[in-house]
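# Analysis of the macromolecular model
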Amino acid sequence: MEKDVLILAIESSCDETAAAVVKNGREVLSNVIFSQIDLHTVYGGVVPEIASRKHIDKINQVIEEALQKAEVTLEQLSAIAVTYGPGLVGALLVGVSAAKAIAFATGLPLIGVHHIEGHISANYIANPTLKPPFVCLVVSGGHTHLVSVKDYGEYEILGRTRDDAAGEAFDKVARAIGLGYPGGPKIDKISKEGNAQAIHFPRAKVGDGEYDFSFSGLKSAVLNYLNGCQMKGEEINTADVAASFQQAVIDVLVGHSMDAIEKYNLDKFAIAGGVASNVSLRNAFEEACAKKGVEFFLPPPVLCTDNAAMIGAAAYYEYIKGVRHGYDLNAVPNLKLGERL
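Since the model is a prediction, treat every value here as computed from it, not as a measurement.

Within this structure, the stated rule accounts for 13 aromatic pairs. Taking 6.0 Å as the distance between ring centres and 85° as the angle between the ring planes, the aromatic pair formed by Phe-201 and Tyr-225 counts as edge-to-face. You can see Phe-201 sitting in the loop between helix H6 (183–191) and helix H7 (216–232) and its partner Tyr-225 sitting in helix H7, a full 24 residues away along the chain. Summarising the aromatic geometry, the rings of Phe-269 and Phe-285 are spaced 4.9 Å apart at their centres and angled 35° between planes, so their arrangement reads as tilted. Here Phe-285 lies in helix H9 (residues 279–292) and Phe-269 lies in strand E9 (residues 268–272), a separation of 16 residues in the sequence. We classify Phe-269 as buried; its relative accessible area is 0%. Every member of this aromatic cluster is reached through a ring pair, and the members are Tyr-124, Phe-134, Tyr-152, Tyr-316 and Tyr-317. Lying across the ring of Phe-34, Lys-58 places its NZ or CZ 4.7 Å from the centre.

Spelled out as structure tokens, the structure:
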């Protein structure tokens, strides 16, 4: 194997068009992200059709920029990597098509990467000493997974959401209390002005799934509280509602994660995904891990949201294992973690 493995990675699973060049799975030479948040804010959420069209507009530009910033040519690359699922099918197809075209034109190996595996691998970039095994909580707009990372590319899902992902619940509650989209950062910000103990919202336990999550009941409880206040003509303290809701989410995420750490007797814990950039959540995990004597790993916010550097990190470990995909690689919107094509 060559001394340095340089991978051009592409990510387009939702509303970020991204490309990056990653060296040996840990060193980011470039990480270019075009975010579409402003386009979708008007609609209160991501519109798949608009996302796909904007990816088509931007994909070549971000790839070229990633190569330029890394000062790398296509000839110097070892492989092309791309997210092929899960995500919005139209959005995924744009990235997959671009990656296949470059791989075909250059003869470079093509590696399809699972989006959640990418989020987990963001921790390898941020923490060069981190190695499996460890427990990782992936918490984003579309996913809430508690994962035992047994080895590079080898996972066991300990728990997952049965309904809304945590990020989805943040968006829906933010909309209900008039904060708008995207909900996570806005609730995190206003919560600092509120009292997290002001309102008691439920912490759901799933009877037949020790580490599974459920946030739809919590979301409904918030909506019921708001409706009750309106019917009684009571004033709603938005900051208190936001802080109390956020605390309920944090309590469940931290509680399940710490239970899993204890049961599986691991001393390393990581978080990943868009919601992992929530300051209150990060602080709560830092405190909980310190109490248990568990080493806590977390990526910087830029590596929590969707980006291509994390895809390049995940692809490196696939590449050195000899994983290759053919030109028939397709977008798989509901791809399960650990599934292989």
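Here the narrative resumes.
Buried within helix H5 (residues 166–176) we find Ala-166, Gly-167, Ala-169, Phe-170, Asp-171, Val-173 and Ala-174. Close packing links the buried residues of H5 with strand E6 (134–139), strand E7 (144–151), H6, H7 and helix H8 (238–264). Once H5 ends, the next one or two residues include Gly-178, with phi positive near 80°.

This next bit is on unusual backbone geometry. For residues other than glycine, phi is negative in most cases, and the peptide bonds are mostly trans. For the peptide bond that leads from Gly-85 to Pro-86, omega is -15°, which places it in the cis range. Mapped onto the fold, Pro-86 is located in the loop between strand E4 (79–85) and helix H3 (89–106). In this model, Tyr-181 is joined to Pro-182 through a cis peptide bond whose omega is -5°. Note on placement: Pro-182 falls in the loop between H5 and H6. The phi dihedral of Asn-24 falls on the positive side, at around 55°, and the residue is not glycine. Note on placement: Asn-24 falls in the loop between strand E2 (16–23) and strand E3 (27–35). Not every positive phi belongs to a glycine, and Glu-71 is a case in point at roughly 55°.

Attention now goes to the pattern of salt bridges. Considering all chains together, one arrives at 16 salt bridges under this definition. Notably, a salt bridge pairs Lys-23 with Asp-4, separated by 3.9 Å at the nearest N-O pair. With Lys-23 in strand E2 and Asp-4 in the segment before strand E1 (6–11), this pair connects stretches of sequence that are 19 residues apart. Asp-4 sits in the partly exposed class, given a relative accessible area of 32%. Among the salt bridges present, the one from Glu-210 reaches Lys-263, with a minimum N-O distance of 3.6 Å. Placement of Glu-210 in the loop between H6 and H7 and of Lys-263 in helix H8 is noted, with a sequence separation of 53 residues between them. Linked by salt bridges that have partners in common, Asp-164, Glu-168, Lys-172 and Lys-219 make up one network.

How each quantity is defined
- Residues numbered from 1 in each chain as written.
- Predicted model: local features only at pLDDT ≥ 70, side-chain atom pairs only at ≥ 80, totals over all residues.
- Heavy atoms only, no water.
- Phe/Tyr/Trp six-rings, centres within 6.5 Å; stacked < 30°, edge-to-face > 60°.
- Helix = DSSP H or I, 4+ residues; strand = E, 2+ residues; numbered from the N terminus.
- Buried < 20%, exposed > 50% of the residue type's maximum accessible area, 1.4 Å probe, protein only.
- Lys NZ or Arg CZ within 6 Å of the ring centre and 35° of its normal.
- Contact = heavy atoms within 4.5 Å.
- Salt bridge = Lys/Arg side-chain N within 4 Å of Asp/Glu carboxyl O.

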